[in-house]
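# An overview of the molecular structure
Residue strings, one per chain:
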Amino acid sequence: MIEMERIHHVSLAVRDLTRAHQFYSEKLQLKQITRPPFDSTGVWYAIGEGYQLHLLQHPTGETLRISGVDTTDGHFAVWVKSYEKTKHWLESVGIPYEARPNSVAGFAQIFILDPDQNIIEFDAPYSS
C-alpha cells in the first residue's frame, strides 16, 4: 500500500506563460517560488503551506480546454477562509466567477477560469 500524505502540487498547461503569469501573480497574487532549470518553460507558485501550483507552457496547446466552467472537467480547488471576501476580491480585480453559495457539496463554491480556460475552484464554509 502507498502511504500518501498530501497533494504536493498541481500542474496546469498554459498557452502563453507571460499572460498566465500576470493572471496568477497580479490578479490572484500567488507567491512565485524557485523552479528548477527544466528544459520546459514554466513558473511555480506556493499555495498555502507546503502546496504548489506549477504552470507549464504547452508547446502545441492541443490538450487545453476551450470552453467555460464544467465542474466535471479536471480542475483544482483551494480552501479559502471567506466566501464573501473571495467574491469581493474577484470582483475588484475583474475576474468573472460562478458562485454556488449553497452547494450540495456541503460547502460554498466559487469557480473561475484562468486565461487558458483552466478551472479553479475556491471552497469555503457556508457562513463565511
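Scroll up for the structure.
Presented here is an overview of the structure given in this document. (Residues numbered from 1 in each chain as written. Predicted model: local features only at pLDDT ≥ 70, side-chain atom pairs only at ≥ 80, totals over all residues. Heavy atoms only, no water.)

## What to know about the sheet that holds strand β8 (residues 119–124)
Strand order in this open sheet of four strands is β5-β8-β7-β6, and the pairing throughout is mixed. The open sheet has two free edges, formed respectively by β5 (75–79) and β6 (98–100), since each of these has just one partner strand. Pairs of neighbouring strands in the sheet enclose a mean axial angle of 20°, with direction left out of account. In this sheet, β8 lies alongside strand β7 (residues 108–113) in antiparallel orientation, the contact comprising six bridges. Its bridge partner being in β8, Ile 112 is matched across the sheet by Ile 120. (Pairing = 2+ DSSP bridges. Helix = DSSP H or I, 4+ residues; strand = E, 2+ residues; numbered from the N terminus. Axes fitted to C-alpha atoms, helices over the stretch in contact; angles between N-to-C directions.)

## Looking at the pattern of salt bridges
As enumerated under the stated definition, the model contains four salt bridges in all. In this structure, a network of salt bridges that share partners links the residues Arg 15, Arg 19 and Asp 116. (Salt bridge = Lys/Arg side-chain N within 4 Å of Asp/Glu carboxyl O.)

## Some points on the side chain of Asp 123
With respect to the helices and strands, the residue Asp 123 is situated in strand β8. The side chain of Asp 123 is buried and forms no salt bridge, while Arg 100, the nearest opposite charge, is found at 9.1 Å. With near-sequence residues (within four places) excluded, Asp 123 lies in contact with Ala 77, Val 78, Trp 79, Val 80, Phe 107, Ala 108 and Gln 109. (Buried < 20%, exposed > 50% of the residue type's maximum accessible area, 1.4 Å probe, protein only. Lys, Arg positive; Asp, Glu negative; His and termini not counted. Contact = heavy atoms within 4.5 Å.)

## Here we look at the nonpolar core
Within the largest apolar cluster, 25 residues are counted, with the highest numbers of intra-cluster contacts made by Tyr 24, Leu 28, Leu 53, Leu 55, Ile 112, Ile 120 and Phe 122. At the level of elements, β1 (9–14), α1 (17–27), β3 (42–47), β4 (51–57), β5, α2 (83–92), β7 and β8 are the ones that each hand at least two residues to this core. Residue contributions to this core peak at four residues, all from α1. Those residues in contact with Leu 55, other than ones at most four positions away along the chain, are Leu 12, Val 14, Leu 17, Ala 20, Tyr 24, Thr 41, Gly 42, Val 43 and Tyr 45. (Core = buried A, V, L, I, M, F, W, Y, C linked by side-chain atoms within 4.5 Å.)

## What to know about α2
Taken together, the buried positions of α2 are occupied by Tyr 83, Thr 86, Lys 87 and Leu 90. Along the axis of α2, the buried positions cluster into a sector of 100°, meaning they face one direction only. Opposite the buried face of α2, by more than 90 degrees, sit the exposed residues Lys 85 and Ser 92. Against β6, β7 and β8 lie the buried residues of α2. Between a side-chain oxygen at the N-terminus of α2 and the backbone nitrogen of Glu 84 the separation is 3.5 Å; the capping residue is Ser 82. Directly beyond the C-terminal end of α2, a positive phi value near 75° is found at Gly 94. (Arc of directions from axis to C-beta. Polar contact = N/O pair within 3.5 Å; in protein donor to acceptor, adjacent residues only side chain to side chain.)

## Some details on the packing of aromatic side chains
Throughout the structure, instances matching the rule amount to four aromatic pairs. Here the aromatic rings of Phe 23 and Tyr 24 are separated by 5.2 Å at their centres, their planes lie at 80°, and the arrangement is edge-to-face. Neither Phe 23 nor Tyr 24 differs from the other in exposure class; each is buried. Three or more aromatic residues joined by ring pairs form one cluster here, namely Phe 23, Tyr 24 and Tyr 45. A cation over an aromatic ring shows up here: Arg 6 above the ring of Tyr 51, its NZ or CZ 5.3 Å from the ring centre. (Phe/Tyr/Trp six-rings, centres within 6.5 Å; stacked < 30°, edge-to-face > 60°. Lys NZ or Arg CZ within 6 Å of the ring centre and 35° of its normal.)

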